[in-house]
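# Structural features, examined
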Amino acid sequence: MSKVVVMDHPLIQHKLTMLRDINTGSKDFRDLVKEISMLMAYEMTRELPLEDAEIETPLCTMTSKTLAGKKLGIIPILRAGLGMVDGVLQLIPAAKVGHIGLYRDPETLQPVEYYCKLPSDVPERELFVLDPMLATGGSANAAIQFIKDRGGVNIRLVSLIAAPEGVDAVHKAHPDVDIYVAAMDEKLNDHAYIVPGLGDAGDRLFGTK
Ligand SMILES: O=P(O)(O)OC[C@H]1O[C@H](OP(=O)(O)OP(=O)(O)O)[C@H](O)[C@@H]1O
Ligand SMILES: O=c1cc[nH]c(=O)[nH]1
Ligand SMILES: [Mg+2]
C-alpha cells in the first residue's frame, strides 16, 4: 500500500492558514499556492534516487551525488493545479510539464476530461500529479489513469488539502501511488467540498467567482 505524507512544517502550516482565510484575495492566494508548492517540492522529492558523479572542486577531485540520471515530470490537473507549477519548477527546473484538463461536474461529481498533453517519454519519468484539492478523489483517479494508460508508472500525487474520502479513493484505485498533502481535513460537505477547506481553489486562484 502506498503512503500518505502530511507535510506539517511550520512554514507550510502558516501559509496554509493564510490561504484558507476567506479574506485572502486572488493575488495573495496565487503567491501562497506557489510558495507552499515550492516548500512541498522539497519534501516530495526526498526519495528520488541519487547517483555518483566525478567532479573537481577548486581543491581536488571528488565523487559527489547528483540527480542527473533521473527524468522528472510534473502534471497539473487544470485549472487549479496550474497554480502549483511555478513553485515546483523553481526547485526542479528541468522537469517537463504535462497538462490534464478536467473539471468536476457539479451535479454528478464525476470528472469530465477536456485536455491531455503529456511528455512523450512519460514511461521513463518520475511523475508528480499536482492538484491543490483532493476531495472525492474522482479527478485525481481519472488523471492518474490517463497517465497510466499512456505508460506512466512512477506516479505521486501532490495536493495542498485532502479529505479522508479522497485519500481512501486514490488508495483503492491506485495503491501504487504515494500521496503528499499539506493538510488532511475533516470531511466533505453535501456538495463534496472539503470542510474546513478553502473553497473552490480554481475560482480563488483565477478570480472567477
Ligand atoms: O476530488 P474531486 O471530487 O474530483 O474534486 C477535486 C477537483 O475539483 C477541483 O477542480 P474543479 O472541478 O473545480 O475544476 P477547476 O480546477 O477548473 O476549478 C479541484 O481542483 C480538483 O481537480
Ligand atoms: O473543496 C473543494 C472541492 C473540490 N474542489 C475545490 O476546489 N474545493
Ligand atoms: Mg474549481
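Residues numbered from 1 in each chain as written. Chains lettered and ligands numbered in written order. Predicted model: local features only at pLDDT ≥ 70, side-chain atom pairs only at ≥ 80, totals over all residues. Heavy atoms only, no water.

### A word on the overall build of the protein chain
From N to C terminus, the protein chain includes six helices and 13 strands. Over its C-alpha atoms the protein chain spans a radius of gyration of 18 Å, differing by no more than 12% from the 17 Å that the globule rule assigns to 209 residues. Overall size of the protein chain, expressed as C-alpha extent along the three principal axes, is 65 × 35 × 30 Å. The 209 residues of the protein chain split such that 45% are buried. Across the protein chain, the fraction of contacts at a sequence separation of at least 24, relative to all contacts at a separation of at least 6, is 64%. Seen as two clouds, the 22 positive and the 29 negative side-chain charges of the protein chain have centres 3 Å apart. (Helix = DSSP H or I, 4+ residues; strand = E, 2+ residues; numbered from the N terminus. Rg over C-alpha atoms; globule rule 2.2 N^0.38 Å. Buried < 20%, exposed > 50% of the residue type's maximum accessible area, 1.4 Å probe, protein only. Contact = heavy atoms within 4.5 Å. Lys, Arg positive; Asp, Glu negative; His and termini not counted. Charge placed at Lys NZ, Arg CZ, Asp CG, Glu CD.)

### Points about the layout of surface pockets
Any space left empty among the atoms is revealed by the rolling of a water-sized probe across them. A volume near 660 Å³ is recorded for the largest pocket. Listing elements by their share of the lining of the largest pocket, those giving two or more residues are β4 (72-78), β6 (99-104), β9 (133-134), α4 (138-149) and α6 (201-206). Its residues assigned to classes, the lining of the largest pocket shows 16 nonpolar, seven polar and five charged. (1 Å grid on protein atoms, 1.4 Å probe; cavity = no way out; pocket = protein on both sides within 12 Å on 5 of 7 lines; lining within 4 Å. Points joined across faces, edges and corners; volume = space filled by probe spheres on them. Nonpolar A, V, L, I, M, F, W, Y, C, P; charged D, E, K, R; others polar.)

### Overview of the packing of helix α2 (residues 26-44) against helix α3 (residues 82-91)
Following both chains from N to C, one finds α2 and α3 inclined at 45°, their axes separated by 7 Å at the closest point. One finds that α2 runs oblique with respect to α3. For the pair α2 and α3, the sense of crossing is right-handed. Within the contact between the two elements, α2 uses Val33, Lys34, Ser37, Met38, Ala41, Tyr42 and Met44 and α3 uses Gly83, Met84, Asp86, Gly87, Val88, Gln90 and Leu91. Split by residue class, the contact of α2 with α3 holds eight nonpolar, four polar and two charged. (Axes fitted to C-alpha atoms, helices over the stretch in contact; angles between N-to-C directions. Parallel < 35°, antiparallel > 145°, perpendicular 65-115°, else oblique. Left-handed = near helix turned anticlockwise from the far one by under 90°.)

### With respect to the UniProt feature "binding site: 5-phospho-alpha-D-ribose 1-diphosphate" (unreviewed entry) in the protein chain
Residues annotated in UniProt with the feature "binding site: 5-phospho-alpha-D-ribose 1-diphosphate" (unreviewed entry) correspond here to Arg79, Arg104, Asp131, Pro132, Met133, Leu134, Ala135, Thr136, Gly137, Gly138, Ser139 and Asp200. Narrowing the list just given to those that line the largest pocket leaves Arg79, Arg104, Asp131, Met133, Leu134, Ala135, Thr136, Gly137, Gly138, Ser139 and Asp200. By relative accessible area, which is 2% here, Pro132 ends up buried. Setting aside residues no more than four positions away along its own chain, Pro132 makes contact with Ala80, Gly81, Met84, Ser159, Leu160, Ile161 and Ala201. (UniProt positions renumbered as here; feature names shortened; annotations may be inferred.)

### Some words on the site of ligand 2
Close to ligand 2 lie Arg104, Met133, Ala135, Ala192, Tyr193, Ile194, Gly199, Asp200 and Ala201, which account for all nearby residues. In the environment of ligand 2, an oxygen atom lies 2.8 Å from a nitrogen or oxygen atom belonging to the backbone of Ile194. Measuring from a nitrogen atom of ligand 2, one finds a backbone N or O atom of Gly199 at 2.8 Å. Within the complex, 87% of the 240 Å² of free accessible area of ligand 2 lies under protein. Taking a 2 Å distance to the grid points as the criterion, the majority of the atoms of ligand 2 fall inside the largest pocket. For the shell around ligand 2, the per-class residue count stands at six nonpolar, one polar and two charged. (Near = heavy atom within 4 Å. Polar contact = N/O pair within 3.5 Å; in protein donor to acceptor, adjacent residues only side chain to side chain. Areas by Shrake-Rupley, 256 points an atom, 1.4 Å probe, with all protein chains shown as cover. Sits in = over half its atoms within 2 Å of the grid points.)

### Some points on the site of ligand 1
Neighbouring ligand 1 are 15 residues, the closest being Arg79, Arg104, Asp131, Thr136 and Ser139. Within the contact set of ligand 1, an oxygen atom lies 3.0 Å away from a backbone nitrogen or oxygen of Ala80. A distance of 2.7 Å separates an oxygen atom of ligand 1 from a polar atom in the backbone of Arg104. Protein coverage of the free-state accessible area of ligand 1, which is 500 Å², stands at 91%. In a pocket analysis with a 2 Å cut-off to the grid points, ligand 1 is assigned to the largest pocket. Only β6, β9 and α4 provide two or more residues apiece to the shell around ligand 1. Of the residues contributing to the shell around ligand 1, the split by class is six nonpolar, five polar and four charged.

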